[in-house]
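The chain contents come next:
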Amino acid sequence: MAKKILLSGIQPSGKPHIGNYFGMMKQMVDFQDDYDVYAFIVDYHALKSVQDAKSMKGNIIAVLLDFLAIGLDPKKALLYKQSDISEHTELAWIFDTITTMPYLMRAHAFKDAEAKNKEIDVGSFNYPMLMAADILLYDPDIIPVGADQKQHIEIARDTAEKFNRIYGDTFKLPEAMIMKEVAVVPGTDGRKMSKSYNNTIPLFAEYEEIKKCVMSIVTDSGEGIPKNVYAIHNLLRPASELLPLYESKIGKYKELKELLIEDLEKFIAPLRERRKEFEKDIPKALTILKAGGEKAKKIASAKMEEVRGKIGVNVY
Ligand code: ADP
Ligand code: TRP
């Protein structure tokens, strides 16, 4: 029986952090034996925040090395970047033509920008359509993401349904996979950990950086257990070990933070070492990305042929 397809993407918009890892990247590795895994770098999405060629190149290579270092195996999983497959942007346009402005205006990202009186660019407004194309081109079953992406997956499902209704059955409806315990990893300031909030613990941080990040975790707490320190610590150790420890050290925030630093170091050090190995041969890593793109292109272009047939533009 064919394996189910598990697919997800990440923006090359900065250093991945432990929120990205536990929320999404880890699932790609954990499931690569049992699913056909498609992991991709959404560089065209990142254009809305990275507008400098040198940073874009550096970020793409960084995410590629990160995926390899956490154990994504190119023999099992497909690793590619969005801009290598022009079908993504092509399909996004077709989706634009069946989607209304009021529908996209209900997206959280748009509403947030509006509430802050930010002038939103067309690309950001349209972001969910490109994401729907990223997904639907490959007929995936499951999309592992953090909770912040839930609405985007719903939009992809709605778009698939709408297209299927108008043009006949074409796209499969995917399911989001949101792991409860790691749906929203908090950052050092208690908000969602995010590259755009400057509140992250980078996944490949050096020891000194881990120390600095942990020491900066905000620790106001009503119950004596520092909520944010505990939540991050809980990613590494189960509550059954952690709760007695935290209860025995009520008020001793510094000691608890020191323990967290040690646990993070134990978890990150081997990843850091693996990453350094991959860093020694960037051309080889790029060959993997390119080959992944070629395979993905075949799948995407077959799907686009089907779409062109459905909408009636393939007259030859
Ligand atoms: P960021 O907000 O840091 O820019 P991205 O938007 O690139 O992160 O997210 C990449 C993936 O990581 C998505 O699946 C997203 O849901 C997940 N993710 C990001 N931040 C967190 C978090 N704090 N907790 C859990 N998952 C997260
Ligand atoms: N929007 C996602 C994020 O910001 C990234 C993304 C783009 C994605 N296309 C995707 C995730 C397709 C899953 C599937 O994190």
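Not measured: the values here are computed from a predicted model. (Residues numbered from 1 in each chain as written. Chains lettered and ligands numbered in written order. Predicted model: local features only at pLDDT ≥ 70, side-chain atom pairs only at ≥ 80, totals over all residues. Heavy atoms only, no water.)

## Quick word on the site of ligand 2
Moving on, step 1. What surrounds ligand 2 is the set Ser8, Gly9, Gln11, Phe40, Val42, His45, Tyr127, Met131, Asp134, Ile135, Ile143 and Gln149.
Moving on, step 2. Separating a nitrogen atom of ligand 2 from a side-chain N or O atom of tyrosine 127 is a distance of 2.6 Å.
Moving on, step 3. Between a nitrogen atom of ligand 2 and a side-chain N or O atom of glutamine 149, the distance comes to 2.9 Å.
Moving on, step 4. For ligand 2, whose accessible area on its own is 370 Å², the fraction buried by protein is 90%.
Moving on, step 5. At a threshold of 2 Å from the grid points, most atoms of ligand 2 map onto the largest pocket.
Moving on, step 6. Elements that contribute at least two residues to the shell around ligand 2 include exactly strand S1 (5–10) and helix H7 (122–136).
Moving on, step 7. The element that contributes the greatest number of residues to the shell around ligand 2 is H7, accounting for four residues. (Near = heavy atom within 4 Å. Polar contact = N/O pair within 3.5 Å; in protein donor to acceptor, adjacent residues only side chain to side chain. Areas by Shrake-Rupley, 256 points an atom, 1.4 Å probe, with all protein chains shown as cover. 1 Å grid on protein atoms, 1.4 Å probe; cavity = no way out; pocket = protein on both sides within 12 Å on 5 of 7 lines; lining within 4 Å. Sits in = over half its atoms within 2 Å of the grid points. Helix = DSSP H or I, 4+ residues; strand = E, 2+ residues; numbered from the N terminus.)

## Here we look at the nonpolar core
Moving on, step 1. The biggest cluster of nonpolar side chains holds 57 residues, and the ones touching the most others in it are Ile18, Phe67, Ile70 and Leu72.
Moving on, step 2. With eight residues, helix H3 (residues 53–69) is the single largest residue contributor to this core.
Moving on, step 3. Each of domain 1 (5–183 + 282–311) and domain 2 (195–276) accounts for three or more of the residues forming this core.
Moving on, step 4. Sequence-distant contacts of isoleucine 18, that is, excluding residues within four places in its chain, are made with Met193, Ile201, Leu203, Ile232, Leu235, Leu264 and Phe267.
Moving on, step 5. By size, the runner-up hydrophobic cluster in this structure holds 40 residues, among which are Tyr80, Ile143, Val145 and Phe163. (Core = buried A, V, L, I, M, F, W, Y, C linked by side-chain atoms within 4.5 Å. Buried < 20%, exposed > 50% of the residue type's maximum accessible area, 1.4 Å probe, protein only. Domains from an automatic or database assignment. Contact = heavy atoms within 4.5 Å.)

## Concerning the site of ligand 1
Moving on, step 1. In the neighbourhood of ligand 1, 18 residues make up the surrounding shell, with His17, Gly146, Asp148, Val185 and Lys195 lying closest.
Moving on, step 2. More than half of the atoms of ligand 1 fall within 2 Å of the grid points belonging to the largest pocket.
Moving on, step 3. Counting residues per element, the shell around ligand 1 draws most heavily on helix H1 (residues 18–30), which supplies four residues.
Moving on, step 4. Within the shell around ligand 1, the residues separate by chemical class into eight nonpolar, seven polar and three charged. (Nonpolar A, V, L, I, M, F, W, Y, C, P; charged D, E, K, R; others polar.)

## Let's talk about the environment of aspartate 139
Moving on, step 1. Looking at where aspartate 139 falls in the secondary structure, it is placed in the loop between H7 and strand S4 (142–144).
Moving on, step 2. Taking the C-alpha atoms as reference, aspartate 139 lies 34 Å from glutamate 277; in sequence the two are 138 residues apart.
Moving on, step 3. Beyond its immediate stretch of four places on either side in the chain, aspartate 139 contacts Ile5, Thr170, Phe171, Lys172 and Lys303.
Moving on, step 4. A distance of 2.9 Å separates polar atoms of two side chains, one belonging to aspartate 139 and the other to lysine 303.

## Re the pairing of S1
Moving on, step 1. When you tally the buried positions in S1, you get five out of six residues, the bulk of the element.
Moving on, step 2. Note that S1 and strand S2 (residues 36–41) share six bridges and pair parallel. Across the sheet, isoleucine 10 pairs through a bridge with isoleucine 41, a residue of S2.
Moving on, step 3. Handedness of the β-α-β unit built from S1, H1 and S2 comes out right-handed. (Pairing = 2+ DSSP bridges. Right-handed = clockwise from strand over helix to strand, strands pointing away.)

## A closer look at H3
Moving on, step 1. Under the 1.5 Å per step criterion, the end-to-end length of H3 is 24 Å for 17 residues, consistent within 8% with the ideal 24 Å.
Moving on, step 2. One or two residues past the end of H3 sits glycine 71, with phi positive at roughly 105°. (Expected span 1.5 Å × (residues − 1).)

## Considering the domain arrangement of the protein
Moving on, step 1. Taken domain by domain, the protein comprises domain 1 (5–183 + 282–311) and domain 2 (195–276).
Moving on, step 2. For domain 1 and domain 2, the distance between their C-alpha centroids amounts to 30 Å.
Moving on, step 3. Summed over both sides, the interface of domain 1 with domain 2 buries roughly 1,500 Å², with 67% coming from carbon and sulfur.
Moving on, step 4. Counting the contacts that link domain 1 with domain 2 gives two salt bridges.
Moving on, step 5. Where arginine 275 meets aspartate 66, a salt bridge forms, and the shortest distance between an N and an O atom there is 2.5 Å.
Moving on, step 6. Counting across the domain 1 and domain 2 interface gives eight residue pairs in polar contact (both at pLDDT 80 or more).
Moving on, step 7. Looking at the side of domain 1 that touches domain 2, the elements that each hand over two or more residues are H1 and H3.
Moving on, step 8. Per-element accounting of the side of domain 1 that touches domain 2 gives the leading share, five residues, to H3.
Moving on, step 9. Its residues placed into classes, the side of domain 1 that touches domain 2 shows eleven nonpolar, six polar and two charged. (Buried area = accessible area lost by both parts, 1.4 Å probe. Salt bridge = Lys/Arg side-chain N within 4 Å of Asp/Glu carboxyl O.)

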